[in-house]
Amino acid sequence: MTPRITLILIQQLLLLHFAVGSSSSRPTTDVVIGIDGGTESIRACCFNAHDGRILGEACAKPYKTSHPHPGWAEQNPEEWYECLAGAVRGALGSLDGREYTVKALCCDTTCCSVVALSKDCTPLRPSLLWMDARSAGQAKRIMDVAQSSAAASDILNSFPELRVNSHGEGPISAEWLLPKSMWIKEMEPQVWKDAAVICEYQDYVNWRLTGKMVASSCNAAVRWHHDGWEVLDANKDGGDEEQRQHAGRPMKLFRALDMTDLAEKLPKQTLAMGDVIGGLTDEAAEDLGLPVETLVVQGGPDAFVGMIGLGTIHPHQLCLITGSSHLHCLITPSATSAPGTWGSYRGAPLPHTHFAEGGQSSTGSLARWVRDLISSTDDEDKDKISYQELDEEAERISPGSDGLVALETWQGSRTPHTDPLARGAFVGLTLSHTRAHLFRSILESVCYGTRSCFDALEAAANQHSSNADDTLHKSNEVVIAGGATRSPLWLQLHADISGRTFLLNENTDGPLLGCAILASVGAGIHGSVEEAVDNMVRRERRIEPREDVKKVYDRLYNDVYLKVRPGVKDVVHAIAGIRGGDSEDNSQRVECSKWGMKCTKELRGGESYSPPIISPSILAADWSDIKGEITKCIEAKLNHIHVDVFDGVFLDSPYALTFGPQMVEAIHKRFASEQLTLDIHLCVDRPERYVKAMVESGANRIIFQWEAFESFAEAVDFATLVTSLGISCGVSINPKTPPDVVIPLLETGLVDLVDVLAVEAGFGGQSFNPVALQKISMLRQWRKDNPSRDFSILVDGGINANTSSCAVEAGADILVAGTALFRNPLGFADAVKELL
């Protein structure tokens, strides 16, 4: 070996030595990964585990949402996990060769996206996404059952878990886990039977990551009607296993709703946000590109993890999350509640805290509405007036918009006055007002509403305080995030009108940073969430109220805005009544609207359409004058008569006995020339006893209760008996019976009608259950997909001027109406016009 070669080798060895030494001595960065599972995509971002600064870039992976029916929204749980893995790999790939060690990750998700899983945690159906409104009927029934089971003044003693729903006044949202679970049980009984686990998006992805099925105590506290403190007792050893498993769960409410089996299907273990679930499984480690020892830390609902990321964790701290709507969250010193607020949730967002929330339905969407309205084009592809230009114009207008005041409740009112019929208003318009006035008045109105929500939250938090000083406490600072922060004018208006200082953070992405904070705590980087917030959340700017402007707005708020809302309430409710119904009836129309119906032809997908048949139910008629009542029907050209025959088997009452064959025969003979169609609805024990007598009396169709038989074979035998006697046969299903149970019977061709009961079998006057609309739509779709099996869809119960249109839009061919016809103060003829 020559000296030169020897020298080169020595140089290379030295270079290698120093290179290795340099690499090994280079400091590595402790990293935590925040993961935000939103409605349209899932995002992942790497953070410095000590100071919360973003490392690299966030990566988002979109997933699909399907809408199989109007108002329904579903996602594939397996796609959540696949996109999560892709987003994490993308975020790690943006670190550009940095030396780092991933200590932990934490995920937040949409809340109330409900999943049904088999024993091996395989999804049995698509997830019911948080926005899915199909369970509106079940949500309404929860309050109905609770109110009927307890005196109005005693509802909170009977069902204390309902205090989070406006102090027991309701309503309960169709978004929540309980009504969605009820829908699955009632409408998809086989799925319910096969489901070993009912959980949420949060729980499913954590199971995919760790192999452990655990719930988040925050989810349980805010949307499951659980006690966020007591539910953590299920993790303790010792004591009665069943008591531990049911700790914090609303078992009395479950029993009242026949939902005790839900308690057995929910995750058995519950962890608080920031607790360690476990390490990654081998499969998850490979999918994410991380070591198996990477810790997975419990997260929670995206908005409430966002509270952590905004640093809102101490009593009396307020945060405002803005977008198309406003969400207000207040950390409360105790778990108090009051009408007009949601919560306060015990043990949320963190185990030792409580918070209450309020909401405004239309805020950022109103600013967009005005912008679109006054732009010169409706074409989405063409430029519209910029928000900056409108801000500049509006800023030149004096406070109060020169006498123009708006009410921001375009899409109803959430809090502090829950009113789905509320609508927006402009008051004080003159010919001198310009588009700048309209825009500014809308911005001001949203801020008035925000102040009203803040005040209500504070009043609720303070009214039960044991500390006299606390009763006067006001939250003078608000941390704000979201779209409104992009408008300096709107930010300032929020401060001026509410009289509070608004704080902007350096990082306004509360959900992602909140996950990073929780991950850092789980990894032991910080000893507590409070310590992590102190080190990872930084305030960037303060927007102070201008005292002189505040005084102007104080007067406008107290003397004008607060009077506009009650001042227009009767008017907008009257308008709703003119459009169809009032008070309770209109709530039914609202439920129909929530279900997402647009118009009959659109929903029916081009199917031919003919007006529905109105079938008067003589159950609601004057029995002392049946002749006169049926004459009214004939004069109104309603020749399809519905006769309910009850013997008390479906209604435990001595007054349940109704008509027999003699009445049917009398009607048939008296009106033989009118060619009436008599549908005989048998709600009786052993209905086969009545068939021959009813046929001989003049019945044209016999409708039997599906629930009257114990087996499919018995139902087939009954339908065969009816049709063998030369008349038609129909089948009726109770509100709790899913429509798919009658599909095999329809396939036999023995029945030509399905009667969907929208009320419990009994006497008239009951409220319409919107669950019927879902059943009607599903049956209509099956009929469309199976054209050889033609049959009519009849809806029975609760039909009135409001619900009739909803039922027709869902696909009903025949509407059975009783009370709305025979007991209508307008008279029979006008009542018929209302229904049509």
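Since we're looking at a predicted model, the values are computed, not measured.

Reading guide: rules and limits
- Counting starts from 1 at the beginning of each chain's written sequence and moves along it residue by residue.
- With pLDDT at 70 or above as the cut-off, local features in this predicted model cover only qualifying residues; side-chain atom pairs require 80 or more to be listed or tallied, and sums for whole chains, interfaces and linings still use all residues.
- Heavy atoms throughout the structure, all of them, feed into the side-chain values; hydrogens and water do not.
- Secondary structure elements are defined from DSSP: runs of H or I of at least 4 residues count as helices, runs of E of at least 2 residues count as strands, and each element is numbered from the N terminus.
- Categorising residues by exposure relies on relative accessible area from a 1.4 Å probe, with only protein chains included: less than 20% of the type maximum marks a residue as buried, more than 50% marks it as exposed, and the intermediate range marks it as partly exposed.
- Residue contacts follow a heavy-atom distance rule, with two residues in contact if any of their heavy atoms lie within 4.5 Å.
- Method for areas: the Shrake-Rupley scheme with a 1.4 Å probe, in which residue coverage is limited to the protein chains shown.
- Only strands that DSSP links by at least two bridges are regarded as paired with each other.
- Fitted lines through C-alpha atoms give the axes, limited to the stretch in contact for helices. The angle between two N-to-C directions lies from 0 to 180 degrees.
- When an angle is under 35 degrees it counts as roughly parallel; over 145 it counts as roughly antiparallel; between 65 and 115 it counts as roughly perpendicular; any other value is oblique.
- Each residue is assigned to one class: nonpolar for Ala, Val, Leu, Ile, Met, Phe, Trp, Tyr, Cys and Pro, charged for Asp, Glu, Lys and Arg, and polar for all the others, Gly among them.
- The pLDDT value expresses, per residue, how confident the predictor is, ranging between 0 and 100.
- Detection works on a 1 Å grid of protein atoms alone, calling trapped sets that fit a 1.4 Å probe cavities and calling open sets with protein on both sides within 12 Å along at least five of seven lines pockets, with lining residues defined by an atom within 4 Å of a point.
- Grid points are joined across faces, edges and corners, and a volume is the space filled by probe spheres set on the points.
- N or O atoms closer than or at 3.5 Å make up a polar contact, with two conditions inside protein: a donor-capable atom paired with an acceptor-capable one, and, for residues adjacent in sequence, both atoms drawn from side chains.
- In what follows, a disulfide is any cysteine sulfur pair within 2.5 Å.
- Side-chain rings of Phe, Tyr and Trp (the six-membered ring for Trp) are treated as a pair once their centres are within 6.5 Å; stacked means planes under 30 degrees apart, edge-to-face means over 60, and tilted covers the remaining angles.
- Geometrically, a lysine NZ or arginine CZ counts as sitting over a ring once it is within 6 Å of the ring centre and also within 35 degrees of the ring normal.
- One fewer than the residue count of a helix, multiplied by 1.5 Å, yields its expected span.
- Crossing handedness follows the turn of the near helix against the far one: under a right angle anticlockwise gives a left-handed crossing, and clockwise gives a right-handed one.
- Salt bridges are defined as contacts in which a side-chain nitrogen from Lys or Arg sits within 4 Å of a carboxyl oxygen from Asp or Glu.
- Arc definition: directions from the helix axis to the C-beta atoms.

(A) View of the overall build of the protein. Secondary structure summary: the protein contains 31 helices and 29 strands in total. A total of 836 residues make up the protein; the buried ones form 57% of that total. Look at the contacts in the protein between residues 6 or more apart in sequence, and 71% of them connect residues 24 or more apart. Approximately 34,500 Å² of the protein is accessible, and the part contributed by carbon and sulfur atoms is 51%.

(B) The sheet that holds strand 15 (residues 342–346), seen in detail. Taken in spatial order, the 7 strands of this open sheet run 15-16-14-13-19-20-21, and their pairing is mixed. The two strands at the open ends of the sheet, each matched to only one other strand, are strand 15 and strand 21 (539–543). For this sheet the average axis-to-axis angle between neighbouring strands, irrespective of direction, equals 25°. In the sheet, strand 19 (residues 477–482) pairs with strand 20 (residues 501–505) via 3 bridges, with the strands oriented parallel.

(C) Inspection of the pairing of strand 8 (residues 197–200) at higher detail. Both faces of strand 8 are covered, namely the face carrying Val-197 and Cys-199 and the face carrying Ile-198 and Glu-200. Bridge count between strand 6 (residues 114–117) and strand 8: 4 bridges; the pairing is antiparallel. Opposite Val-114, over in strand 8, you have Glu-200 as the bridge partner.

(D) Up close: the packing of helix 15 (residues 387–395) against helix 16 (residues 435–462). Interaxial distance between helix 15 and helix 16 falls to 8 Å at its minimum, and their mutual angle equals 95°. By the angle between their directions, the pair helix 15 and helix 16 is classed as roughly perpendicular. Listed contacts from helix 16 to Tyr-387, Glu-389, Leu-390, Asp-391, Glu-393, Ala-394 and Glu-395 of helix 15 are Arg-435, Ala-436, Phe-439, Arg-440 and Leu-443. Among the residues forming the contact of helix 15 with helix 16, the class breakdown is 6 nonpolar, no polar and 6 charged.

(E) How the structure looks around the sheet that holds strand 28 (residues 792–796). The parallel open sheet is built from 8 strands, whose spatial order is 22-29-28-27-26-25-24-23. Strands with a single pairing partner mark the edges of an open sheet, and in this sheet they are strand 22 (613–616) and strand 23 (640–646). Geometrically, the sheet is characterised by an average inter-axis angle of 25° between neighbouring strands, direction not taken into account. Here strand 22 runs beside strand 29 (residues 814–817); their pairing, made up of 4 bridges, is parallel. The partner of Pro-616 across the bridge, within strand 29, is Ala-817.

(F) Region of interest: the confidence of the model for the protein. Per-residue confidence for the protein averages 85 on the pLDDT scale, and 87% of its residues sit at or above 70. Counted against residues more than four places away or in other chains, residues 1–25, with its pLDDT under 50, gives 2 contacts.

(G) Structural context of empty space enclosed by the protein. With the rule as written, the count across this model stands at 1 cavity of 30 Å³ or more. Only strand 16 (354–360) and helix 16 provide two or more residues apiece to the lining of the largest cavity. Residue classes in the lining of the largest cavity are distributed as 2 nonpolar, 9 polar and 3 charged.

(H) Focus on the environment of Asp-30. With respect to the helices, strands and loops of the structure, Asp-30 is situated in strand 1 (residues 29–37). In the structure, Asp-30 is positioned 493 residues away from Ala-523 in sequence and 10.0 Å away in space, judged by C-alpha atoms. Here Asp-30 is in contact with Phe-47, Asn-48, Ala-49, His-50, Thr-101, Lys-103 and Ile-525, once residues within four sequence places are set aside. A distance of 2.9 Å separates a polar atom in the side chain of Asp-30 from a polar atom in the side chain of His-50.

(I) Quick peek at the side chain of Ser-401. Within the secondary structure, Ser-401 is located in the loop between helix 15 and strand 17 (405–407). With relative accessibility at 0%, the residue Ser-401 sits in the buried group. Among the polar contacts listed, one links the side chain of Ser-401 to the backbone nitrogen of Ser-441, at a separation of 3.3 Å. In contact with Ser-401, not counting residues within four places along its chain, are His-433, His-437, Arg-440, Ser-441 and Glu-444.

(J) View of the state of the cysteines. If you walk through the whole model with that rule in mind, you get 0 disulfides. Lacking any disulfide linkage, Cys-45 is separated from the closest cysteine sulfur, that of Cys-46, by 6.5 Å. Free cysteine: Cys-111, not disulfide-bonded; nearest cysteine sulfur from Cys-112 at 3.9 Å. Residue Cys-111 is classed as buried on the basis of its relative accessible area, which comes to 12%.

(K) Structural context of the environment of Cys-46. By the element assignment, Cys-46 lies in strand 2 (residues 41–48). As a C-alpha pair, Cys-46 and Ala-91 span 45 residues in sequence and 6.4 Å in three-dimensional space. Those residues within four positions of Cys-46 in sequence are excluded, and the remaining contacts are Val-31, Val-32, Ile-33, Arg-53, Ile-54, Leu-55, Ala-91, Leu-92 and Leu-95.

(L) Structural detail: the packing of aromatic side chains. Inspection of the entire model under this criterion finds 18 aromatic pairs. Measuring from centroid to centroid gives 6.2 Å for Tyr-448 and Tyr-553, while their planes differ by 70°, and the two rings are edge-to-face. With Tyr-448 in helix 16 and Tyr-553 in helix 20 (residues 547–580), this pair connects stretches of sequence that are 105 residues apart. Taken as a pair, Tyr-448 and Tyr-553 share a single burial class, namely buried. Sitting over the face of the ring of Trp-72, Arg-134 holds its NZ or CZ atom 3.7 Å from the ring centroid. Seen from the ring of Phe-791, Arg-783 lies directly overhead, with NZ or CZ sitting 5.7 Å from the centre.

(M) Summary view of helix 28 (residues 771–785). Over its 15 residues, helix 28 runs 22 Å from end to end, which matches the ideal 21 Å to within 8%, given 1.5 Å per residue. Here helix 28 lies mainly inside the structure; 11 of its 15 residues are buried. What helix 28 keeps buried is the set Val-771, Ala-772, Leu-773, Gln-774, Lys-775, Ile-776, Ser-777, Leu-779, Arg-780, Trp-782 and Arg-783.

(N) Here's a closer look at the environment of Met-273. In this structure, Met-273 sits in the loop between strand 10 (269–271) and strand 11 (276–279). The buried category is assigned to Met-273, whose relative accessible area is 3%. The spacing of Met-273 and Val-297 is 24 residues in sequence and 7.5 Å in space, taken between C-alpha atoms. Setting aside residues no more than four positions away along its own chain, Met-273 makes contact with Ser-216, Ser-217, Cys-218, Gln-298, Gly-299, Gly-300, Phe-304, Val-305, Ile-308, Pro-349, Leu-350 and Leu-518.

(O) The packing of helix 2 (residues 77–93) against helix 7 (residues 201–210), seen in detail. The contact between helix 2 and helix 7 brings their axes to 10 Å, and the two run at 55°. On the basis of the axis angle, helix 2 is oblique to helix 7. The interaxial crossing formed by helix 2 with helix 7 has right-handed handedness. Contacts between helix 2 and helix 7 involve Pro-77, Glu-78, Trp-80, Tyr-81 and Leu-84 from the former and Tyr-201, Tyr-204, Val-205, Arg-208 and Leu-209 from the latter. Taken together, the residues of the contact of helix 2 with helix 7 break down into 8 nonpolar, no polar and 2 charged.

(P) Molecular detail of the pattern of salt bridges. For the structure shown, the criterion picks out 37 salt bridges. Two residues, Glu-186 and Arg-141, come together in a salt bridge whose shortest N-O distance is 2.8 Å. Of this pair, Glu-186 sits in helix 5 (residues 177–187) while Arg-141 is found in helix 3 (residues 136–149), placing the two residues 45 residues apart along the sequence. Considered together, Glu-186 and Arg-141 belong to a single accessibility category, that of buried residues. Residue Asp-679 pairs with Arg-701 through a salt bridge whose shortest N-O separation is 2.8 Å. You can see Asp-679 sitting in strand 24 (residues 677–683) and its partner Arg-701 sitting in strand 25 (residues 701–705), a full 22 residues away along the chain. When sorted by exposure, Asp-679 lands in the same class as Arg-701, which is buried. A cluster of three or more residues bridged by salt bridges with shared partners is formed by Arg-451, Asp-455, Glu-458, Arg-500, Lys-550 and Asp-554.

(Q) Broad picture of helix 24 (residues 661–670). Among the residues making up helix 24, those that are buried are Pro-661, Val-664 and Ile-667. Seen end-on, helix 24 carries its buried residues on one side only, within an arc spanning 130°. Projecting away from the buried face of helix 24 at angles above 90 degrees are the exposed residues Gln-662 and Lys-669. Packed against the buried residues of helix 24 are helix 23 (626–635), strand 23, strand 24 and helix 25 (688–697).

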